[in-house]
Amino acid sequence: MLVSAKEMLIKAKAGKYAIGHININNLEWAKATLLTAQENNSPVILGVSEGAGKYMGGYKTVVGMVNGLMDELNITVPVALHLDHGTYEGAIECLEKGFSSVMFDGSHYPIEENIEKTKDIIRRAKALGASVEAEVGAIGGEEDGVIGGGEVADPEECQRIAELGVDMLAAGIGNIHGVYPPTWTGLNFEVLAEIQKRTGTMPLVLHGGTGIPDDMIKKAISLGVSKINVNTECQLVFAEATRKYIEEGKDLQGKGYDPRKLLKPGYEAIKEKVKEKMILFGSVNKA
Ligand code: 13P
């Protein structure tokens, strides 16, 4: 059964480790991530962007697929199904359709409007036992066609949003989605420390997990980050493994064209990557 992300994140923050939020794109992603979490006895958050939700046939399909997999594959570790960067309407729809957690990304609204809309989403989620992530200060890079520039959040605004009763807070600290450019100057730990000071026990979320060096990840966890979002890195290893299979002509040998064979190297590559992240984040055996 899906659970809210609240409890696993409170435990992670207290225990100084982080839960991986792994974005899923299809059945292979969902199955690979769930089985890897189970094998490593780790809680996990499955992230679904609005674009990925549409791609998979709609939120109801995603909920049905994930619930079905958990049941049939005997997944017993805590799993939250979480809307990633949701619009106000998207968050409401996901709550109604069975997601156990939603992010309402109101970071592009003026702060007062972000607060009003976040409050409404919190009220709806609480009634259903679901958790809520809010965001302050847009996180740069490109996601579903939206481009930003590695912004840094205002710690005072973070405090205001945290006090509304969200379960986790994403705050820009120079992180961006996708691959980091060579000119990237790294995470802003001074701002992260200030945000953590002002938000106390609030689990903080680090978006744009792809390509952040391991030592920075560890430092961010030590400063209160309890959820780390990873998407691009799984896509890259999936594409690389699939390309290798085709370049080696394996799809032309025997029944190598069978999707169950063709997609297997990519599937295995996602499993390897998710395991690597769970070890780095410290969530292994924390289920
Ligand atoms: P990456 O694609 O950079 O890993 O970022 C994922 C993310 O933050 C999803 O919200």
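Quick note: structure is the one above.
Below is a summary of the structure that appears in this document. (Residues numbered from 1 in each chain as written. Predicted model: local features only at pLDDT ≥ 70, side-chain atom pairs only at ≥ 80, totals over all residues. Heavy atoms only, no water.)

**Overview of helix 4 (residues 59-72)**
What sets the pattern is the α-helix's 3.6 residues per turn: residues three or four places apart point alike.
Then, number 1: Spanning 14 residues, helix 4 covers 20 Å between terminal C-alpha atoms, matching the ideal 20 Å at 1.5 Å per step.
Then, number 2: Along helix 4, the residues classified as buried are Tyr59, Val62, Val63, Met65, Val66, Leu69 and Met70. All buried residues of helix 4 fall inside an arc of 165 degrees around its axis, so they share one side. Along helix 4, the residues that are exposed and aim more than 90 degrees away from the buried face are Lys60, Asp71 and Glu72.
Then, number 3: Contacts made by the buried residues of helix 4 are with helix 2 (27-39), strand 2 (44-49), helix 3 (50-55), strand 3 (79-86) and helix 5 (88-97).
Then, number 4: Just beyond helix 4, the residue with positive phi is Asn74, at close to 55 degrees. (Helix = DSSP H or I, 4+ residues; strand = E, 2+ residues; numbered from the N terminus. Expected span 1.5 Å × (residues − 1). Buried < 20%, exposed > 50% of the residue type's maximum accessible area, 1.4 Å probe, protein only. Arc of directions from axis to C-beta. Contact = heavy atoms within 4.5 Å.)

**Comments concerning the nonpolar core**
Then, number 1: Counting residues in hydrophobic clusters, the biggest one holds 79 residues, and the most contacted among them are Ile24, Val79, Leu81, Phe99, Leu169 and Leu206.
Then, number 2: For this core, the element with the highest residue contribution is helix 4, accounting for 7 residues.
Then, number 3: Sequence-distant contacts of Leu81, that is, excluding residues within four places in its chain, are made with Leu2, Leu46, Val48, Val62, Val63, Val66, Phe99, Ser100 and Ser101.
Then, number 4: Among the nonpolar cores identified, the runner-up in size contains 12 residues, and Ala12, Ile19, Met168 and Ala170 belong to it. (Core = buried A, V, L, I, M, F, W, Y, C linked by side-chain atoms within 4.5 Å.)

**Overview of helix 7 (residues 155-162)**
Then, number 1: When we look at burial in helix 7, the residues that qualify are Pro155, Cys158, Ile161 and Ala162. Buried residues in helix 7, looked at end-on, bunch into an arc of 120 degrees, giving them a common side.
Then, number 2: Tucked into the core, helix 7 has its buried residues touching helix 6 (111-128), strand 5 (131-136), strand 8 (168-171) and helix 8 (189-199).
Then, number 3: If you check the start of helix 7, you find a side-chain oxygen 2.9 Å away from the backbone N of Glu156, and it comes from Asp154. (Polar contact = N/O pair within 3.5 Å; in protein donor to acceptor, adjacent residues only side chain to side chain.)

**Digging into the site of the ligand**
Then, number 1: Near the ligand, the surroundings consist of 14 residues, among which Asp84, Gly178, Gly208, Thr210 and Thr232 are the closest.
Then, number 2: In this structure, His177 approaches the ligand through a side-chain N or O atom, which is 3.0 Å from an oxygen atom.
Then, number 3: The separation between an oxygen atom of the ligand and a polar main-chain atom of Gly208 is 2.7 Å.
Then, number 4: Considered on its own, the ligand offers 310 Å² of accessible surface; in the complex 99% of this is hidden by protein.
Then, number 5: Those elements giving two or more residues to the shell around the ligand turn out to be strand 3 and strand 11 (225-230). (Near = heavy atom within 4 Å. Areas by Shrake-Rupley, 256 points an atom, 1.4 Å probe, with all protein chains shown as cover.)

**Looking at the pattern of salt bridges**
Then, number 1: Applying the stated rule across the entire model yields 19 salt bridges.
Then, number 2: Of the charged contacts in the structure, one is a salt bridge between Lys97 and Glu93, with a shortest N-O distance of 2.7 Å. Note that Lys97 and Glu93 are positioned in helix 5 at a spacing of 4 residues, about one turn of the helix.
Then, number 3: Assessed through its relative accessible area of 34%, Lys97 is described here as partly exposed. (Salt bridge = Lys/Arg side-chain N within 4 Å of Asp/Glu carboxyl O.)

**Focus: the packing of helix 7 against helix 8**
Then, number 1: Packing of helix 7 against helix 8 brings their axes to within 9 Å, and their N-to-C directions diverge by 35 degrees. Along this stretch, helix 7 crosses helix 8, giving a crossing that reads as right-handed. Between helix 7, through Pro155, Glu156, Cys158, Gln159 and Ala162, and helix 8, the contact on the second element is made entirely by Val191, Glu194, Ile195, Arg198 and Thr199.
Then, number 2: Split by residue class, the contact of helix 7 with helix 8 holds 5 nonpolar, 2 polar and 3 charged. (Axes fitted to C-alpha atoms, helices over the stretch in contact; angles between N-to-C directions. Left-handed = near helix turned anticlockwise from the far one by under 90°. Nonpolar A, V, L, I, M, F, W, Y, C, P; charged D, E, K, R; others polar.)

**Focus: the packing of helix 10 (residues 232-247) against helix 12 (residues 264-281)**
Then, number 1: Running from N to C, helix 10 and helix 12 point in directions that differ by 145 degrees, and their axes come no closer than 8 Å. In the packing of helix 10 onto helix 12, the handedness of the crossing is right-handed. Contacts between helix 10 and helix 12 pair Glu233, Cys234, Val237, Phe238, Ala241, Thr242 and Tyr245 from the former with Pro265, Gly266, Tyr267, Ala269, Ile270, Lys273, Val274, Glu276 and Lys277 from the latter.
Then, number 2: The residue makeup of the contact of helix 10 with helix 12, split by class, is 10 nonpolar, 2 polar and 4 charged.

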